[in-house]
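What follows is each chain in one-letter form.
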Amino acid sequence: MPDRIEAGTLLCMVAATGGKVHLTKLTPEHLTPILHKLEECGCVLDIRKNSIKLEAPKKLNNIEIKTMPYPGFPTDMQSVFASMLTTAKGTSIVIENIFENRYRYVSELRKMGAKMTVEGKICIIKGTRKIYGADVVAEDLRGGASLVLAGLTAKGKTAISNAKYILRGYEDLDKKLSSLGAKINLKD
């Protein structure tokens, strides 16, 4: 079965960088809440039986996300979306309803210039024009993916320590992103 979180992560990375992508060999129905939120952000999607084409707008719209058990919005996607929203228009809200202590990546994104505050289970993201490369630390798999996304959109170089977390959950992520034009090197 295709990995819906990996597919969603790739879609968010392309959306955040203002690009286009065509993903194949996946099950779009498994991505329904992710796809709806990408459309709310202003992305244009062409959804077929086993594929998705995404074209990102020049600037993403702000949105609100609430994590819920399947088939709701997946908690494993909230950090990636939060990172994507750091440069969106206006203010976005993420509400984590599944797990506590899921915002450990926020302090690392702040090092890059993200304007984010956490109040309990709510993360408030004020879109900024740019974020900047920095030395950051991945504390877990999904938070690490959010740092990769931020690094792709940042001005300058980003170095992520503890890449082992990212490599554990995303097979050949650096090769996939390189094939899309990214300058990336992930190693443990």
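Structure: see above.
Okay, so let's go over this structure. (Residues numbered from 1 in each chain as written. Predicted model: local features only at pLDDT ≥ 70, side-chain atom pairs only at ≥ 80, totals over all residues. Heavy atoms only, no water.)

1. With respect to the pairing of strand S1 (residues 20-24)
In regular strands, side chains alternate between the two faces of the sheet.
So, point 1. Burial of the side chains of S1 is restricted to one face: Val21 and Leu23 are buried, whereas none of Lys20, His22 and Thr24 on the reverse face is.
So, point 2. The pairing of S1 with strand S3 (residues 51-55) spans five bridges and is classified as antiparallel. Its bridge partner lying in S3, Thr24 is registered against Ser51. (Buried < 20%, exposed > 50% of the residue type's maximum accessible area, 1.4 Å probe, protein only. Helix = DSSP H or I, 4+ residues; strand = E, 2+ residues; numbered from the N terminus. Pairing = 2+ DSSP bridges.)

2. As for empty space enclosed by the protein
So, point 1. This structure, assessed with the given rule, holds two cavities of 30 Å³ or more.
So, point 2. There is about 40 Å³ of room inside the largest cavity.
So, point 3. Lining the largest cavity, in full, are Ser79, Arg102, Tyr105, Asp140, Arg142 and Gly143.
So, point 4. Split into classes, the residues belonging to the lining of the largest cavity amount to one nonpolar, two polar and three charged.
So, point 5. Taken as a whole, the second largest cavity encloses approximately 30 Å³ of empty space.
So, point 6. For the second largest cavity, the full set of lining residues is Pro2, Asp3, Arg4, Ala7, Leu26, Thr27, His30 and Leu31. (1 Å grid on protein atoms, 1.4 Å probe; cavity = no way out; pocket = protein on both sides within 12 Å on 5 of 7 lines; lining within 4 Å. Points joined across faces, edges and corners; volume = space filled by probe spheres on them. Nonpolar A, V, L, I, M, F, W, Y, C, P; charged D, E, K, R; others polar.)

3. Here we look at the environment of Lys59
So, point 1. With respect to the helices, strands and loops of the structure, Lys59 is situated in the loop between S3 and strand S4 (64-66).
So, point 2. Remark: the alpha-carbon pair of Lys59 and Lys126, spanning 67 residues in sequence, is separated by 14 Å.
So, point 3. Those residues in contact with Lys59, other than ones at most four positions away along the chain, are Cys41, Thr87, Ala88, Lys89, Thr128 and Arg129.
So, point 4. Looking at Lys59, its side chain comes within polar contact range of the main-chain oxygen of Thr87, at 2.7 Å. (Contact = heavy atoms within 4.5 Å. Polar contact = N/O pair within 3.5 Å; in protein donor to acceptor, adjacent residues only side chain to side chain.)

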